[in-house]
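Residue-level listing of the chains:
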Amino acid sequence: MHAERKDFSIQNLLMLLSSNYEFIFYVDFDTDEVVPYHFAGNSDIQQESARITYREMTDNFITCKMTGAERKEIENILKKDHLDRHLRAKKYYTYDFRCSGYDPERYFRIKIVNMDETDGLHHAVIGLANIDNEKHSRIDFYKSGRKILVIEDNEINREILTEILSDMYTVITAENGNEGFEILSEYAEDIAVIITNLEMPVYNGYEFLERFSSVRQYSAIPVLVVTTTNQTEAEIKCLQLGATDFIVKPYNREVVRNRVKSLARLKESSAMLNALEKDNLTGLYTKEFFIRYAQEKIDCNPDKKYCIVCSDIENFKVINDKYGLKTGDDILIYISDQIKKNFPGIIFGGRINGDIFAFLQETDEISYPDKETIEYISKHAPVISVSVKFGIYPAECGRSVQHMTDRAVMAINQIKNVYGKYVAVYDNKIREGLMKQQQIIDNMQDALEKRQFKVYYQPKHEISSDKTSGAEALVRWIHPVLGFMNPGLFIDIFEKNGFITQLDEYVWNEVCSSMARWRNSGIDIVPVSINVSRRDFEKDDLAEEIINLVDSYSLPHDYLHIEVTESAYSDNPKKIEKTIEKLHDAGFIIELDDFGTGYSSLAVLNSMKLDILKLDMSLIKQDISSSDRSALVFAIKLAQMLGLKTVAEGVENSEQCERVKSLGCDYIQGYFYSRPVPEEEFMESLKFN
Ligand code: C2E
Ligand code: CA
Ligand code: CA
């Protein structure tokens, strides 16, 4: 009895409307008969038993809760001649209306579909839906869940696809490519799959694909193109334009669902890839992708000039500890933004690790912001005075970006903690320095086995007795090819790579065995101080190790002095305090080295069991002889108040010598009395002490 349209069956139509419309009416205008269907909430559509008239339908189902103007309006809309006029042009017609007869007011939607393909209106399907939720949560609707964008000029096809997919996805529809782009510009990140019709009167599928594939940020969204059978040529063209797959009309529910599902999964995995590509916090590329993209750019543009610019935030760990991770994060974001803004020609950047960023810069010559700008950036950071250092490597074609990035970071290391220096360009000097460093690392283990490390002794002169009362053991490296090396060349490197602990053990052992030898040869021995690196304190049993060593040579504990630096203390105060306490209690003399160079002097003095303060040579050099308010004066007074003895380091001339003597210093260690000398020489000097 129902009239059928060619492009969809009545069953299809009922099914598709049923997901959105509670009531559906099949209207035969000629006989004035209406078959009401009720959508029961499950997938079944129940046909109401009684047939009703068109008037009964409007009165009992539609206008019953309306009054006044509202009712008049909808009655007019539902008049046959009105529908006739409107449906002639459109074939379907949707109308949203408000019912103020309810409290709170409710919203309904009527959809009227003309079922005739000939002129005139004889048969229609009318759907009635409550759309309160949609009206109230339109925004949520578009913002939540995984979304499918359907671009289709034919409303019925849009509805069919919506019906097929709406239990799995939020379906957003657009009538043409233009509308599709509008939606994309807002929801691109949430859209899992795009389904687009090919033939559309405005902005057809080809045009859409062409523009779509030119937008890089959309590249991860798969596009399903709707075709009809036998469109091989069209399909090839679509694939060339970047389509991912096809579905054929008329739609097969399961085919559509499965195809969309597998493409959505594709999108998800590429989104995961995207997450791997970008650092969440700064939006910069991750290290791997930075390296890959920078390499591509450099290699593909041999006529252009690039630099790799790396940045490093000084003491970032301390900032994190002090101000918390959130502030640390804010600083990272701030710095990466500032670099993009202030370095000319920055193309993109990557987060290499932690607080180290790398940027690819296109520039004919090395260029970076001036000192004032960099200082301005540092002053306006989320916390005051964040200092950032930059290293620049002028890129060379054929070099790996990894290599260039490493070198730019190495350049930064040259100016770390150097006040007022912000930018270092990797050049030959740095290269030579780095090669030397590498040589040192390559040779260290072998040198230890071949006993190339020699302990030198620098006497400590006691002012009261005018005699040598001790010595500091200072290591030297005598290498057959590299020559004689002072510890300034290698200690930092060994502290970084941890080799220092092995070297120190070796030195301590050498010192003990020498002292035992001197004693056995009848010389009046003096205490020797050994340097203990910050890295040595990482060991849990450091105190026991030193005690056992000294005991194995049967040396009295107070013949070994332990030199520990203030900066080591700040690494891990609790652990160092404990180790020092053990050693102190076991009778070792504890000396605080380099006093006067750090910031935490007073805290250290309070919490460690110390015997001697070693006044750093910078204090001696700074001291303006006549002023009694100099740091040196203060340091000596402080030591005296705390009952600690003092050693003045780096005393080079008689003037300095007299000065420290007059201030009441106890010992002098410096070139004025003696440079560090080999063991034999030191032993000789002791004979005449
Ligand atoms: P430090 O512990 O502060 O040692 C004192 C440094 O000052 C020594 O440098 C010494 O030669 C130098 N010096 C002494 N008197 C004067 C002077 O009058 N004028 C000048 N300009 N310098 C003077 P050196 O031997 O080059 O050692 C440098 C640093 O290397 C040491 O500083 C110490 O921190 C470290 N070091 C040396 N040997 C060892 C070791 O066996 N183990 C560890 N962990 N560190 C060591
Ligand atoms: Ca020392
Ligand atoms: Ca020192």
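In every chain, residue numbers begin from 1 and rise along the written sequence. Following the order in which they are written, the chains are lettered starting with A and the ligands numbered starting with 1. Whole-chain, interface and lining totals are the exception, using all residues; otherwise, since this is a predicted model, local features are given only for residues with pLDDT of at least 70 and side-chain atom pairs are given and counted only at 80 or more. With hydrogens and water set aside, each side-chain value is computed from the structure's full complement of heavy atoms.

Observations regarding the overall build of the protein chain
Consideration 1: Comment: elements are numbered from the N terminus, with helices defined as DSSP H or I runs of at least four residues and strands as E runs of at least two. A count of helical and extended segments in the protein chain gives 27 helices and 27 strands.
Consideration 2: A principal-axis box enclosing the C-alpha atoms of the protein chain has dimensions of 135 × 60 × 50 Å.
Consideration 3: Only protein chains enter the accessibility calculation, which uses a 1.4 Å probe. A residue is then buried if its area is under 20% of the maximum for its type, exposed if over 50%, and partly exposed in between. Counting the 689 residues in the protein chain, one finds 49% classified as buried.
Consideration 4: Areas reported here follow the Shrake-Rupley algorithm with a probe of radius 1.4 Å; residue values treat only the protein chains shown as occluding. Working note: accessible area of the protein chain is about 34400 Å², and carbon and sulfur atoms make up 48% of it.
Consideration 5: Within the protein chain, one finds 81 positive and 110 negative side-chain charges whose respective centroids are separated by 1 Å. The charge count includes Lys and Arg as positive and Asp and Glu as negative, but it does not include His or the ends of the chains. The atoms used to mark charge sites are NZ of Lys, CZ of Arg, CG of Asp and CD of Glu.

Structural notes on the nonpolar core
Consideration 1: The nonpolar core is taken to be a set of buried Ala, Val, Leu, Ile, Met, Phe, Trp, Tyr and Cys residues, with the residues joined through side-chain atoms within 4.5 Å. In terms of nonpolar packing, the biggest core is built from 79 residues, with F453, F494, L503 and V511 touching the most fellow members.
Consideration 2: In this description, contact between two residues means that some pair of their heavy atoms is separated by no more than 4.5 Å. In contact with F494, not counting residues within four places along its chain, are I440, M444, F453, W477, F499, I500 and L503.
Consideration 3: In terms of nonpolar packing, the next biggest core, distinct from the first, is built from 37 residues, L13, Y37, A129 and V171 among them.

Digging into the site of ligand 1
Consideration 1: Near ligand 1 you find 22 residues, and of these Q458, R476, D504, E652 and Y671 are the closest.
Consideration 2: Side-chain polar atom of D504 to a nitrogen atom of ligand 1: 2.6 Å apart, as the coordinates give it.
Consideration 3: Protein burial of ligand 1: of its 790 Å² of free accessible surface, 84% is covered by the chains.
Consideration 4: Taken together, the elements giving at least two residues each to the shell around ligand 1 come down to β19 (467-479), α19 (500-520) and β23 (589-595).
Consideration 5: For the shell around ligand 1, the element with the most residues is β19, which contributes 4 residues.
Consideration 6: Here the residues of the shell around ligand 1 are counted per class, giving 10 nonpolar, 5 polar and 7 charged. Any residue with at least one heavy atom within 4 Å of a molecule or strand is counted as near it. Here a polar contact is taken to be a pair of N or O atoms separated by no more than 3.5 Å, where protein atoms must pair a possible hydrogen donor with a possible acceptor and residues adjacent in sequence count only if both atoms sit in side chains. Charged means Asp, Glu, Lys or Arg here, nonpolar means Ala, Val, Leu, Ile, Met, Phe, Trp, Tyr, Cys or Pro, and polar covers whatever is left, Gly included.

Side note on the coordination of the calcium ion (ligand 2)
Six octahedral donors around a metal ideally subtend angles of 90 or 180 degrees, whereas four tetrahedral donors ideally subtend 109.5 degrees.
Consideration 1: The rule for donors is simple: an N, O or S atom within 2.8 Å of the metal counts, and for Na, K and Ca the reach is 3.2 Å. Water is not among the atoms, so a site may look short of donors. Taken together, E472 (OE), N531 (OD1), E563 (OE) and D593 (OD) make up the full set of protein donors to the calcium ion (ligand 2), lying 2.1 to 2.3 Å away.
Consideration 2: Look at where the donors of the calcium ion (ligand 2) fall in the sequence and you get E-x58-N-x31-E-x29-D.
Consideration 3: Here the calcium ion (ligand 2) and the calcium ion (ligand 3) are spaced 4.2 Å apart, with D593 acting as a shared donor. Taken together, the residues E563 in strand β22 (residues 560-565) and D593 in strand β23 connect sequence positions 30 residues apart. Accessibility classification places E563 together with D593 in one group, the buried group.

Digging into the pairing of strand β2 (residues 33-39)
Regular strands have side chains that alternate between both faces of the sheet.
Consideration 1: Buried residues dominate β2, accounting for 5 of its 7 residues.
Consideration 2: Here, strands pair whenever DSSP counts at least two bridges between them. In this sheet, β2 lies alongside strand β1 (residues 23-28) in antiparallel orientation, the contact comprising 6 bridges. Considered in β2, the bridge of V27 is made with V34.
Consideration 3: Taken together, β1 and the strand that follows it, β2, pair antiparallel across an intervening segment of 4 residues, in which D32 is found at a positive phi of about 60 degrees.

Topic: the packing of helix α2 (residues 54-62) against helix α3 (residues 68-78)
Consideration 1: Inter-axis angles, ranging from 0 to 180 degrees, are taken between N-to-C directions of lines fitted to C-alpha atoms, where helices are fitted over the stretch in contact. As a packed pair, α2 and α3 sit with axes 12 Å apart at the nearest point and diverge in direction by 145 degrees. Along this stretch, α2 crosses α3, giving a crossing that reads as right-handed. Every residue of α3 that contacts α2 at Y54, R55, T58, D59 and I62 is listed here: R71, I74, E75 and L78.
Consideration 2: Here the residues of the contact of α2 with α3 sort into 4 nonpolar, 1 polar and 4 charged. Left-handed is the label given to a crossing in which the near helix is rotated counterclockwise from the far helix by less than a right angle, and right-handed is the label when the rotation is clockwise.

Brief notes about the pairing of strand β16 (residues 388-394)
Consideration 1: Along β16, 6 of the 7 residues are buried, which leaves the element largely enclosed by surrounding structure.
Consideration 2: Of the pairings in the sheet, the one linking β16 to strand β17 (residues 423-425) comprises 3 bridges and is parallel in character. Pairing of F390 across the sheet is with V423, part of β17.
Consideration 3: Every crossover in which the path from the first strand over the helix to the second runs clockwise, viewed with the strands pointing away from the viewer, is termed right-handed. With helix α16 (residues 401-415) bridging β16 and its parallel neighbour β17, the resulting β-α-β unit is left-handed.

Things to note about the coordination of the calcium ion (ligand 3)
Consideration 1: Protein coordination at the calcium ion (ligand 3) comes from D593 (OD), D594 (OD), E649 (OE) and E649 (OE), with a distance range of 2.2 to 2.7 Å.
Consideration 2: Taken in sequence order, the residues that donate to the calcium ion (ligand 3) follow the motif D-D-x54-E.
Consideration 3: Since its relative accessible area comes to 6%, D593 is described here as buried.
Consideration 4: With a relative accessible area of 26%, D594 lands in the partly exposed category.

Examining unusual backbone geometry
Consideration 1: Cis geometry marks the peptide bond from K249 to P250, where omega comes out at -5 degrees.
Consideration 2: The residue P250 is located in the loop between β11 (245-248) and α11 (253-277) in this model.
Consideration 3: Even without being a glycine, D32 presents a positive backbone phi close to 60 degrees.
Consideration 4: With respect to the element layout, D32 can be found in the loop between β1 and β2.

Structural notes on empty space enclosed by the protein
Consideration 1: The way it works is a 1 Å grid over only the protein atoms, where trapped points that fit a 1.4 Å probe form a cavity and open points with protein on both sides within 12 Å along at least five of seven lines form a pocket, and then any residue with an atom within 4 Å of a point lines it. Grid points are joined across faces, edges and corners, and a volume is the space filled by probe spheres set on the points. In this structure the tally under the stated criterion is 1 cavity of 30 Å³ or more.
Consideration 2: In this structure, the largest cavity occupies an estimated 50 Å³ of space.
Consideration 3: Looking at the largest cavity, the residues that line it are I335, Q338, I339, I374, I377, S378, V386, V388 and F390.
Consideration 4: Looking at the lining of the largest cavity, the elements with two or more residues in it are α14 (325-342), α15 (371-379) and β16.
Consideration 5: When grouped by side-chain class, the residues that make up the lining of the largest cavity number 7 nonpolar, 2 polar and no charged.

Notes on the pattern of salt bridges
Consideration 1: The term salt bridge refers to a pairing of a side-chain nitrogen on Lys or Arg with a carboxyl oxygen on Asp or Glu at a separation within 4 Å. Following the criterion strictly, the structure yields 36 salt bridges and no others.
Consideration 2: Put simply, D279 and R351 hold a salt bridge, and the shortest N to O gap is 3.2 Å. Note that D279 is positioned in the loop between α11 and β12 (285-286) and R351 in strand β14 (residues 346-353), a separation of 72 residues in sequence.
Consideration 3: Salt-bridge contacts for D312 lead to K416; the nearest nitrogen and oxygen are separated by 3.3 Å. With D312 in strand β13 (residues 306-313) and K416 in the loop between α16 and β17, this pair connects stretches of sequence that are 104 residues apart.
Consideration 4: Linked by salt bridges that have partners in common, K460, E472, E563, E591, K614 and E649 make up one network.

Quick word on the sheet that holds β14
Consideration 1: The strand order across the open sheet formed by 6 strands is β12-β14-β15-β13-β16-β17, and the pairing between neighbours is mixed. In this open sheet, the two edge strands, each paired with only one partner strand, are β12 and β17.

Description of the confidence of the model for the protein chain
Consideration 1: Averaged over the protein chain, the pLDDT score is 88; the fraction of residues at 70 or greater is 93%.
Consideration 2: pLDDT is a per-residue confidence score from the predictor, ranging from 0 to 100. The low-confidence segment residues 138-145 (pLDDT under 50) makes 12 contacts with residues lying over four places distant or belonging to another chain.

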